[in-house]
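Below are the chains, spelled out letter by letter.
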Amino acid sequence: MSSQELLSEIQKLPIVEQRYLFQKLARSLSEQPREPISEDEVQRFLFERGIIGNIPDSSAYTDEDEDFEPIEVVGKPLSETIIEERR
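These numbers come from a predicted model, not from an experiment.

Enquirer: Quick one: what's the story with the overall build of the protein, residue by residue and with numbers?
Expert: Of the regular secondary structure elements, the protein holds four helices and zero strands. Start at the N end of the protein and walk to the C end: the helices and strands fall as α-α-α-α. If you take every contact in the protein between residues at least 6 apart in sequence, the share linking residues at least 24 apart comes to 41%.

Structure representation (structure tokens):
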């Protein structure tokens, strides 16, 4: 699970659980200077507190984007179209 996917899952939680998680992480980080937390540590933390149901096997992941080649699209970028439609 990537950091972005993890953040997306956290954002789906009720606000009370998001605050609890934020407080625990903030308290943990403020206790002492440490090395950056790995994704495995975050997943273990969330699993132990029942926020996520399982810890995915990270050895099963492969870099799926390795062969990715974007396709050429005629016209303006999709992001510009989306922004215009939101206005």
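Enquirer: Go over helix 3 (residues 39-48), please, and point to the residues and values.
Expert: Residues V42, Q43, F45 and L46 constitute the buried set of helix 3. On an axial view of helix 3, the arc spanned by its buried residues comes to 160°, and they lie on one face. Note on helix 3: the residue one or two positions beyond its end, G50, has a positive phi of about 75°.

Enquirer: I'd like a description of the pattern of salt bridges, backed by residues and values.
Expert: Side chains carrying opposite charge are able to pair once their charged atoms draw close together. Summed over all chains, the structure comprises three salt bridges. The partner of R49 in a salt bridge is E48, with the nearest N and O atoms 3.4 Å apart. Ionic pairing is found between E84 and K76, a salt bridge with its closest N-O pair at 2.6 Å. Judged by relative accessible area, E84 falls into the partly exposed class, the value being 41%.

Enquirer: Account for the nonpolar core, with residues named and values stated.
Expert: Most often, soluble globular proteins have nonpolar side chains that are buried together. Counting nine residues, the largest nonpolar core consists of L6, I10, L13, L21, V42, F45, L46, I51 and I52. Looking at this core, the elements with two or more residues in it are helix 1 (3-11) and helix 3. If sequence neighbours within four positions are ignored, V42 has contacts with L6 and I37.

What counts, and where the lines are drawn
Residues numbered from 1 in each chain as written. Predicted model: local features only at pLDDT ≥ 70, side-chain atom pairs only at ≥ 80, totals over all residues. Heavy atoms only, no water. Helix = DSSP H or I, 4+ residues; strand = E, 2+ residues; numbered from the N terminus. Contact = heavy atoms within 4.5 Å. Buried < 20%, exposed > 50% of the residue type's maximum accessible area, 1.4 Å probe, protein only. Arc of directions from axis to C-beta. Salt bridge = Lys/Arg side-chain N within 4 Å of Asp/Glu carboxyl O. Core = buried A, V, L, I, M, F, W, Y, C linked by side-chain atoms within 4.5 Å.

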